[in-house]
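In case you want the letters, here they are:
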Amino acid sequence: MKQYTIFLCGWMLLLSACGREKEARADLERARVLYEERQFAAAKNAIDTLRMRYPEEVTVLKESLTLMRLVERGESERNIAFCDSMIPIRAEEAEAMKKNFVLEKDTVYEDVGHYVWKQKTVERNVERSYIRCGVDEKGEIYLASVFFGRAPLNHTGLKFCTPDGAYAETASVPYDGGVNYRFKDLGNTTEIVTYKAENGIDAVKFICGLDDKARVKAEYTGGKPFSLMLSNDDKKAIRATFELAIILSDLEKMRREKEKSMKKITYIDQKLGSGEMLKKN
């Protein structure tokens, strides 16, 4: 009787194990169908669920790993196709906008140049206080408050405000001789404070959200009081620079994504045996 009980228990365990493997394979097949339908996110979720439910089904788990790599390869191929379709469109938009900008780049010291609105280049604004805006070739935008006068301000920030009390400020940039730069020449002082990316983006977006006729005062903060009124060209330059920054940033992201996806495909192909597994599936 004891031997019979042992035999029965063993048989039941065997049936249970066979049943678990069958269920695991059914889940794996559902994941494979999702992959073939190019529902990659759903396929990945299905494979992750399978792994959690059947951690003991080693053979099925190995097959699910291969399928996961195929899914990731499919995702990478789709990403590349998307980038290939969008990059020419965004590049054409960028080239159209660049006609209103000048590329400033010292090829000896700089790997990345900056696009500046034609009316806001240094050469056109010698010995005057003004607001400058630019964007580098990878899409990082910046604002700069330029001061020219007899007595120094020692300013560290910039604030835009309208008559109704609305305003936006840049971050405070302490003097460092770089992004906060000062010098004297023939008794005059020039100060240039640059607010890169997140240090100035709120102020940029504030200008972009205003009506064309809005009166905007730019206050230099952190030092002696000084302010100037933004002209229509000032506002137009900031808006156009922000638009160009979005396009250049999109292009940079897509180029990086394409490169990343291509490297991932190469890695996956190596893991799958130089493409042999792909042919089988």
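Parameters at a glance
- Residues numbered from 1 in each chain as written.
- Predicted model: local features only at pLDDT ≥ 70, side-chain atom pairs only at ≥ 80, totals over all residues.
- Heavy atoms only, no water.
- Pairing = 2+ DSSP bridges.
- Helix = DSSP H or I, 4+ residues; strand = E, 2+ residues; numbered from the N terminus.
- Axes fitted to C-alpha atoms, helices over the stretch in contact; angles between N-to-C directions.
- Contact = heavy atoms within 4.5 Å.
- Buried < 20%, exposed > 50% of the residue type's maximum accessible area, 1.4 Å probe, protein only.
- Expected span 1.5 Å × (residues − 1).
- Polar contact = N/O pair within 3.5 Å; in protein donor to acceptor, adjacent residues only side chain to side chain.
- Parallel < 35°, antiparallel > 145°, perpendicular 65-115°, else oblique.
- Left-handed = near helix turned anticlockwise from the far one by under 90°.
- Nonpolar A, V, L, I, M, F, W, Y, C, P; charged D, E, K, R; others polar.

Draft legend 1. Local environment of the sheet that holds strand E9 (residues 217–221). Read across the open sheet, the 4 strands follow the order E6-E5-E9-E10; overall the sheet is antiparallel. The sheet is open, and its two borders are formed by strand E6 (167–169) and strand E10 (226–229), each paired with just one other strand. Averaged over all pairs of adjacent strands, the angle between their axes in this sheet comes to 20 degrees, without regard to strand direction. Looking at chain direction, strand E5 (residues 157–161) and E9 are connected through 5 bridges and run antiparallel. Among the inter-strand pairings, Leu 158 is bridged to a residue of E9, identified as Tyr 220. Sheet strands in contact with helix H4 (residues 201–208) are E5 and E6, and its direction is about 155 degrees off that of E6.

Draft legend 2. Region of interest: the pairing of strand E4 (residues 141–149). Counting buried positions along E4 gives 8 out of 9 residues, so the element sits mostly inside the fold. Where strand E3 (residues 130–136) folds back onto E4 in an antiparallel hairpin, the turn is made up of 4 residues, including Gly 139, whose phi is positive at roughly 100 degrees. Pairing of E4 with strand E8 (residues 188–196) involves 8 bridges; the strand directions are antiparallel. When the sheet's bridge partners are listed, Leu 143 is paired in E8 with Tyr 195.

Draft legend 3. Local environment of the sheet that holds strand E2 (residues 114–117). Strand order in this open sheet of 6 strands is E1-E2-E3-E4-E8-E7, and the pairing throughout is antiparallel. One side of each edge strand has no neighbouring strand; the edge strands of this open sheet are strand E1 (101–104) and strand E7 (180–185). Going across the sheet, the axis of each strand differs from the next one's by a mean of 25 degrees, ignoring polarity. Direction of pairing for E3 relative to E4: antiparallel, over a ladder of 6 bridges. From the neighbouring strand, Arg 132 faces E4, where its bridge partner is Ala 144. Along the sheet, helix H5 (residues 232–271) makes contact with E1, E2, E3 and E4, crossing E3 at roughly 15 degrees.

Draft legend 4. Fine view of H5. Between its first and last C-alpha atoms H5 spans 58 Å; for 40 residues at 1.5 Å apiece the expected length is 58 Å, and the two agree. One or two positions beyond H5, positive phi appears at Gly 273, with a value near 85 degrees.

Draft legend 5. Just the environment of Tyr 195, in detail. The topology assignment puts Tyr 195 in strand E8. Look at Tyr 195 and you get buried, because its relative accessible area is 0%. Tyr 195 sits 50 residues away from Ser 145 along the chain, and the two C-alpha atoms are 8.4 Å apart. Here Ser 145 takes part through its side chain, which lies 2.7 Å from a polar atom of the side chain of Tyr 195.

Draft legend 6. View of the packing of helix H3 (residues 58–98) against H5. The geometry of H3 relative to H5 is characterised by a closest axis approach of 8 Å and an angle of 155 degrees between their N-to-C directions. Compared by their axis directions, H3 and H5 come out roughly antiparallel. H3 and H5 meet at a crossing whose hand is left-handed. Broken down by class, the residue content of the contact of H3 with H5 amounts to 18 nonpolar, 3 polar and 16 charged.

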